[in-house]
Amino acid sequence: MKTVVITGGNDGIGRGLAQERLERGDRVVVIGRSADKGQRLLAEAEKRGAGERAHFVAADLSLVGESRRVVGELTETFGALDALVLCARFFRSARAETAEGYESTFALEYLSRHVLSHGLTDALEKSESPVIVNVSGPGIPKPPIRWDDPHFRAGYDGLAAQRHAGMANDLLGVAYAARNGSGRTRYVLVNPGSTATSFAGEYDPVTKSQVEMIRRMGKPVEQAVAPIAEVIDAPPAEPLSAFVEGQRIGVDDPRLFDREAAARLAEFTERLLAR
Ligand SMILES: NC(=O)c1ccc[n+]([C@@H]2O[C@H](COP(=O)([O-])OP(=O)(O)OC[C@H]3O[C@@H](n4cnc5c(N)ncnc54)[C@H](OP(=O)(O)O)[C@@H]3O)[C@@H](O)[C@H]2O)c1
């Protein structure tokens, strides 16, 4: 039985994966903001006879303090972890800042993934074949990191903020593998492609109608879940790998996986988090 932690497991791909893992006999720990959705998930697991293996931790992962609390709680409660799957996201048409002063998309979709990936490494290393699956958007060219204004104090745009966080996650994978390459934990970047999920967010009317269309045309969640389940069952041998809609892609193209930028972002993030 593996212990699988899934952020954003209340909805969409994370939820689909949580159900798949429970059916397969694993222990699942879902992290989400909504305690109501979490309770519904636990009640469903109970009905299917998997109640003892289902756990929910309520946390607002856009706060670094909350991500750190989750790291402490999971380490203390479970000791060893087999997989960490990062799915939490929230689209915002209008810029918002967290109580800690970070732009919300950057904080939730990148900073929390950095804190959880590195913070849970000790617990992951205790397992035989641990893996971190960062579900984001590898394989698609994205604009570079905004070194002077990562928090979009100027020129905020919801889509641009998402793509910026996506680039930061690609670089997080590169930097993680460079630093922990001699460890057991594999880092896997996954782009699921358009999938019919909840598309959690606060949208302006134009973006809302575009998202509705993507949702109608998106593939069913089960199709996005299958390749993630495969890498949890059999993590790739290499420290870093990337998949687009189930197809493995190379991670050597410097336009997509820039090692220098990855090292710079890791250092930049550590300085930011040390404040
Ligand atoms: N769907 C697609 O077409 C697509 C395409 C490419 C990449 N992806 C990537 O795939 C991953 C999963 O996407 P999805 O579409 O399946 O997600 P989704 O249905 O939009 O669900 C996102 C989840 O994130 C949680 N969340 C939001 N804010 C949070 C916060 N502050 N703290 C903790 N949890 C929070 C929400 O739970 P609460 O309501 O409990 O807050 C929700 O369960 C994302 O990383 C996304 O970027 C998706």
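Look a little higher up for the structure.
Our subject in this report is the structure included herewith.

## Description of the sheet that holds strand β2 (residues 27-32)
Logical step 1: If you trace the eight strands from one edge of the open sheet to the other, you get β3-β2-β1-β4-β6-β7-β9-β10, paired in mixed fashion. Sheet topology places β3 (54-58) and β10 (247-249) at the edges, where each strand pairs with a single neighbour. Put simply, the sheet's adjacent strands are angled 20° from each other on average, direction ignored.
Logical step 2: As judged from the three bridges shared by strand β9 (residues 240-244) and β10, these two strands associate in the antiparallel manner. Looking at β10, one finds that Ala242 is bridged to Ile249.
Logical step 3: Here helix α2 (residues 35-47) sits on the sheet in contact with β2 and β3, set at roughly 175° to β3.
Logical step 4: Against the sheet, helix α8 (residues 221-233) engages β1 (3-7), β4 (83-86), β6 (131-135), β7 (186-191) and β9, with an angle of about 160° to β6.

## Overview of the packing of aromatic side chains
Logical step 1: Counted according to the given criterion, the structure contains five aromatic pairs.
Logical step 2: Relative to Tyr110, the ring of Phe106 lies with its centre 5.2 Å away and its plane at 45°, an arrangement referred to as tilted. Placement of the pair is Phe106 and Tyr110 together in helix α4 (residues 104-119), with a separation of four residues, close to one helical turn. With respect to class, Phe106 is no different from Tyr110; both count as buried.
Logical step 3: Between Phe152 and Tyr156 the ring centres are 5.8 Å apart and the planes differ by 80°, which places this aromatic pair in the edge-to-face class.
Logical step 4: Judged by its relative accessible area of 2%, Phe152 falls in the buried class.
Logical step 5: Residue Tyr156 is classed as buried on the basis of its relative accessible area of 18%.

Conventions we followed
- Residues numbered from 1 in each chain as written.
- Predicted model: local features only at pLDDT ≥ 70, side-chain atom pairs only at ≥ 80, totals over all residues.
- Heavy atoms only, no water.
- Pairing = 2+ DSSP bridges.
- Helix = DSSP H or I, 4+ residues; strand = E, 2+ residues; numbered from the N terminus.
- Axes fitted to C-alpha atoms, helices over the stretch in contact; angles between N-to-C directions.
- Contact = heavy atoms within 4.5 Å.
- Phe/Tyr/Trp six-rings, centres within 6.5 Å; stacked < 30°, edge-to-face > 60°.
- Buried < 20%, exposed > 50% of the residue type's maximum accessible area, 1.4 Å probe, protein only.

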